Amino acid sequence: MAATDRRSATLALAHALSAAERGLPVIPLSPTKLPALPSPHRGAPGPVPCRGECGLPGHGVHDATADPAAVRALFALAPWATGYGIACGRPPHHLIGVDLDTEPAVLQRLARERGFTVPATVTVLTPSGGHHLWLTGPPDVIVPNSAGRLAPGIDVRGAGGYLVGPGSVTARGAYRLAPGTAALAPAPCPPALLRLLAPPAPTTTRRAPANPPRGEGLVRFVLAAHEGQRNTRLFWAACRAYENGIGDALADALTDAAVRTGLTAHEARATIASAARLTVPR
């Protein structure tokens, strides 16, 4: 890896950790602005409707976390990452991103027509000359992603989407905070604008998976570790196991898998205990 790439990767992790400290869930991004970690289901004969239920990393925005140790583990698996994405619609901020690929006057005109004021808020300048406005929404309102629906040249990042974080470096350039907005907190979305962004609540309910995972994928993930990845993979797998309520039940299997990759039993148990302390709700 070139020196400039290493520097970009180091800065990306630092900026991502800073965002995570503010409660913003993050994922590593490649220079193309896409999630840096490949899907664990690539090569499958058909679509795999998995959003991380398998317990493995590589599910895009569904990997996003604000836990510093888990953030470090994600970036350790993607040393080529030069940026980070911030998941929208997630607690505690329930972030809504308004992506202006056009002049800000277009949003101001819409505000006058619809009777709201665009608040002063965190604003990120994009390499193409656009602006990302950060707003917060109420926890009981789901704002979907959209492109051009609000107005031509205005895209919206909501639940299931992400914003490229300031400090990220992409193939087209760097993302940076607009002058005068670094000290601001994301402003609440004006109610009139929120009504434009949020469609009526769907009437159908999502069905739960018929066969919830029991951790076999996590064990396989640890067994596939090469030298230099053993602790990182074990820590990641243990975190996911405890997040899914199967940490204690899977601890012995994870320990055995880690020992088979070359760790000692003492090292493996210490890593799993660390994951438990950081993951289990206090």
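First, a word on what this report is: a plain description of the structure on this page. (Residues numbered from 1 in each chain as written. Predicted model: local features only at pLDDT ≥ 70, side-chain atom pairs only at ≥ 80, totals over all residues. Heavy atoms only, no water.)

What about the overall build of the protein?
Okay, step 1: Looking only at helices and strands, the protein has eight helices and twelve strands in total.
Okay, step 2: Taken against the 2.2 N^0.38 rule, which gives 19 Å for 282 residues, the C-alpha radius of gyration of the protein at 20 Å falls within 12% of a compact globule.
Okay, step 3: Judged by the C-alpha coordinates and their principal axes, the protein covers about 65 × 50 × 40 Å.
Okay, step 4: Buried positions account for 47% of the 282 residues belonging to the protein.
Okay, step 5: Taking all contacts inside the protein whose residues are at least 6 apart in sequence as the whole, residues at least 24 apart take part in 73%.
Okay, step 6: With the model as given, the accessible surface of the protein reaches about 14,800 Å², and the carbon-plus-sulfur share is 55%. (Helix = DSSP H or I, 4+ residues; strand = E, 2+ residues; numbered from the N terminus. Rg over C-alpha atoms; globule rule 2.2 N^0.38 Å. Buried < 20%, exposed > 50% of the residue type's maximum accessible area, 1.4 Å probe, protein only. Contact = heavy atoms within 4.5 Å. Areas by Shrake-Rupley, 256 points an atom, 1.4 Å probe, with all protein chains shown as cover.)

Some details on empty space enclosed by the protein
If a probe as big as a water molecule is rolled over the atoms, it shows which places are left empty.
Okay, step 1: According to the stated counting rule, one finds one cavity of 30 Å³ or more in the structure shown.
Okay, step 2: Along the walls of the largest cavity sit Ile27, Pro28, Pro35, Ala36, Leu37, Gly60 and Asp63, which together make up its complete lining.
Okay, step 3: Taken together, the residues of the lining of the largest cavity break down into five nonpolar, one polar and one charged. (1 Å grid on protein atoms, 1.4 Å probe; cavity = no way out; pocket = protein on both sides within 12 Å on 5 of 7 lines; lining within 4 Å. Points joined across faces, edges and corners; volume = space filled by probe spheres on them. Nonpolar A, V, L, I, M, F, W, Y, C, P; charged D, E, K, R; others polar.)

Here's the deal with helix α3 (residues 104-114)
Okay, step 1: The complete set of buried residues in α3 reads Val106, Leu107, Leu110 and Ala111. All buried residues of α3 project into a common sector of 140 degrees when viewed along the axis, lining one side. Structural note: α3 exposes Arg112 and Glu113 on the side pointing more than 90 degrees away from its buried face.
Okay, step 2: Among the structural elements, β3 (95-100), β5 (131-136), β6 (146-151) and β7 (154-157) are those in contact with the buried residues of α3.
Okay, step 3: The first or second residue beyond α3 is glycine 115, which carries a positive phi of 80 degrees. (Arc of directions from axis to C-beta.)

Description of the pattern of salt bridges
Okay, step 1: In this structure the tally under the stated criterion is two salt bridges.
Okay, step 2: With a closest N to O distance of 3.8 Å, aspartate 99 and arginine 157 form a salt bridge. Of this pair, aspartate 99 sits in strand β3 while arginine 157 sits in strand β7, placing them 58 residues apart in sequence.
Okay, step 3: Residue class for arginine 157 comes out partly exposed when judged on its relative accessible area of 24%.
Okay, step 4: A salt bridge links arginine 240 to glutamate 243; the nearest nitrogen and oxygen atoms lie 3.3 Å apart. On the criterion of helical spacing, the pair formed by arginine 240 and glutamate 243 is a turn pair, its members being three residues apart in helix α6 (residues 230-243).
Okay, step 5: For arginine 240, a relative accessible area of 10% corresponds to the buried category. (Salt bridge = Lys/Arg side-chain N within 4 Å of Asp/Glu carboxyl O.)

Focus on the packing of helix α7 (residues 247-261) against helix α8 (residues 265-279)
Okay, step 1: Two numbers describe how α7 lies on α8: the axes approach to 9 Å, and their chain directions differ by 135 degrees. If you check the angle between α7 and α8, you find them oblique. Crossing geometry of α7 relative to α8 is assigned as right-handed. Of the residues in α8, those touching α7 at Ala251, Leu254, Thr255, Ala258 and Val259 are Ala265, Ala268, Arg269 and Ile272. (Axes fitted to C-alpha atoms, helices over the stretch in contact; angles between N-to-C directions. Parallel < 35°, antiparallel > 145°, perpendicular 65-115°, else oblique. Left-handed = near helix turned anticlockwise from the far one by under 90°.)

Notes on the state of the cysteines
Okay, step 1: For the structure shown, the criterion picks out zero disulfides.
Okay, step 2: Between cysteine 50, a free cysteine, and cysteine 54, which holds the nearest cysteine sulfur, the sulfur-to-sulfur gap is 3.8 Å.
Okay, step 3: Cysteine 88 takes part in no disulfide bond, and the closest cysteine sulfur to it belongs to cysteine 189, at a distance of 12 Å.
Okay, step 4: Given a relative accessible area of 3%, cysteine 88 falls into the buried group. (Disulfide = S-S within 2.5 Å.)

Considerations on unusual backbone geometry
Peptide bonds are trans in most cases, and residues, glycine excluded, mostly fall at negative phi.
Okay, step 1: At the junction of proline 91 and proline 92, the peptide bond is cis and its omega measures out at 5 degrees in the coordinates.
Okay, step 2: Within the element layout of this structure, proline 92 appears in the loop between β2 (83-87) and β3.
Okay, step 3: Here lysine 33, not a glycine, exhibits a phi torsion of approximately 75 degrees, which is positive.
Okay, step 4: Locating lysine 33 in the fold gives a position in the loop between β1 (26-29) and α2 (68-77).
Okay, step 5: Of the residues examined, lysine 33 reaches a relative accessible area of 36% and is grouped as partly exposed.
Okay, step 6: The backbone phi angle of histidine 94 is positive, close to 50 degrees, even though this residue is not glycine.
Okay, step 7: Its place among the elements puts histidine 94 in the loop between β2 and β3.
Okay, step 8: Note on histidine 94: relative accessible area 15%, which makes it buried.

Some thoughts on the environment of alanine 19
Okay, step 1: One can find alanine 19 in helix α1 (residues 3-21).
Okay, step 2: Residue class for alanine 19 comes out buried when judged on its relative accessible area of 1%.
Okay, step 3: Spatially, the C-alpha atom of alanine 19 lies 9.6 Å from that of tyrosine 84, the residues being 65 residues apart in sequence.
Okay, step 4: For alanine 19, the contacting residues outside a window of four places in its chain are Leu24, Val26 and Tyr84.

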